[in-house]
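Listed below, chain by chain, are the residues.
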Amino acid sequence: MNKFIAIVGSNSKKSTNRELLKYMKKHFQATAEIELLEIKDLPLYKKSADEYVPQEALDMAKKIEASDGVIIATPEYDHSIPAVLSSALAWLSYGIHPFVDKPVMITGASYGSLGSSRAQSQLRQILDSPELKARIMPSSEFLLGHSLQAFDDDGNLKDEKVVKQLDGLFQDFVQFVNISKQLNNANEVNKQKAEEFSWEKD
């Protein structure tokens, strides 16, 4: 059984993105083991002369590296991902590179009708950066709109069409992960390139 890490891309105490990942953990428990990771306790990203990386980020990196894939749920603020998620990804590409060639599924929930579509597009660009080099599942947006009304009292998604779509995308992700395990011949070189990359070099 695959082991996935699910990153809650919000520091809100009451986040529908967290609810979505909790639902996925329960709903897909027969298919994969999903562990939720919070980023709310990470300090804001800041470069230092000694290239210090907080222990919380190092612990997250170890779990991501040991996983078969990562699911990220992001809200959308001003057509972009939250600053706390951007900061977390910066830590996770600063002297450590757990996302290199790691299969990633992007999801998102928002109170409005668009379901974090622009934030997801931005997140794809970030994950594709030279410092992260994640392997993002293509053509797989899961956009949960009107998320405050999307769950029942037991934390289950109420709309059967939404459930069916998520079921199909998650099944695709499992297949994507299994295929990706056969596509790591350049992983060592890719990690080395990520480690050596710097925007400050000519």
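For the structure itself, consult the block above.
Reference entry: report on the structure contained in this document. Keep in mind that what you see is a predicted model, and the values were worked out from it rather than measured. (Residues numbered from 1 in each chain as written. Predicted model: local features only at pLDDT ≥ 70, side-chain atom pairs only at ≥ 80, totals over all residues. Heavy atoms only, no water.)

With that out of the way, let us pick up helix 3 (residues 83–91). The complete set of buried residues in helix 3 reads Val84, Leu85, Ser87, Ala88, Leu89 and Trp91. In the core, the buried residues of helix 3 are packed alongside helix 2 (55–66), strand 3 (69–73) and helix 4 (117–127). (Buried < 20%, exposed > 50% of the residue type's maximum accessible area, 1.4 Å probe, protein only. Helix = DSSP H or I, 4+ residues; strand = E, 2+ residues; numbered from the N terminus. Contact = heavy atoms within 4.5 Å.)

This paragraph deals with the pairing of strand 3. Counting buried positions along strand 3 gives 5 out of 5 residues, so the element sits mostly inside the fold. Side-chain alternation along strand 3 places Gly69, Ile71 and Ala73 on one buried face and Val70 and Ile72 on a second face that is also buried. One ladder, built from 5 bridges, connects strand 1 (residues 2–8) with strand 3; its direction is parallel. Following the sheet pairing, Ala6 is matched in strand 3 by Ile71. As defined by bridge partners, strand 3 adjoins strand 4 (residues 103–109) across 4 bridges and the pair is classed as parallel. Across the sheet, Val70 pairs through a bridge with Val104, a residue of strand 4. (Pairing = 2+ DSSP bridges.)

In the contact formed by helix 1 (residues 16–27) and helix 5 (residues 160–180), the axes pass within 12 Å of each other and the chain directions differ by 70 degrees. In terms of orientation, helix 1 lies roughly perpendicular with respect to helix 5. The two elements helix 1 and helix 5 meet at a crossing, and its hand is right-handed. Counted together, Leu20, Tyr23, Met24 and His27 of helix 1 and Val163, Leu166, Asp167 and Phe170 of helix 5 form the full contact between these two elements. A class-by-class count of the residues in the contact of helix 1 with helix 5 yields 6 nonpolar, 1 polar and 1 charged. (Axes fitted to C-alpha atoms, helices over the stretch in contact; angles between N-to-C directions. Parallel < 35°, antiparallel > 145°, perpendicular 65-115°, else oblique. Left-handed = near helix turned anticlockwise from the far one by under 90°. Nonpolar A, V, L, I, M, F, W, Y, C, P; charged D, E, K, R; others polar.)

Once that is clear, we can look at unusual backbone geometry. Leaving glycine aside, a negative phi is the common case for residues, and trans is the common case for peptide bonds. Even without being a glycine, Asp78 presents a positive backbone phi close to 55 degrees. With respect to the helices and strands, the residue Asp78 is situated in the loop between strand 3 and helix 3. Despite not being glycine, Asp101 shows a phi value in the positive range, around 60 degrees. Following the sequence through the fold, Asp101 ends up in the loop between helix 3 and strand 4.

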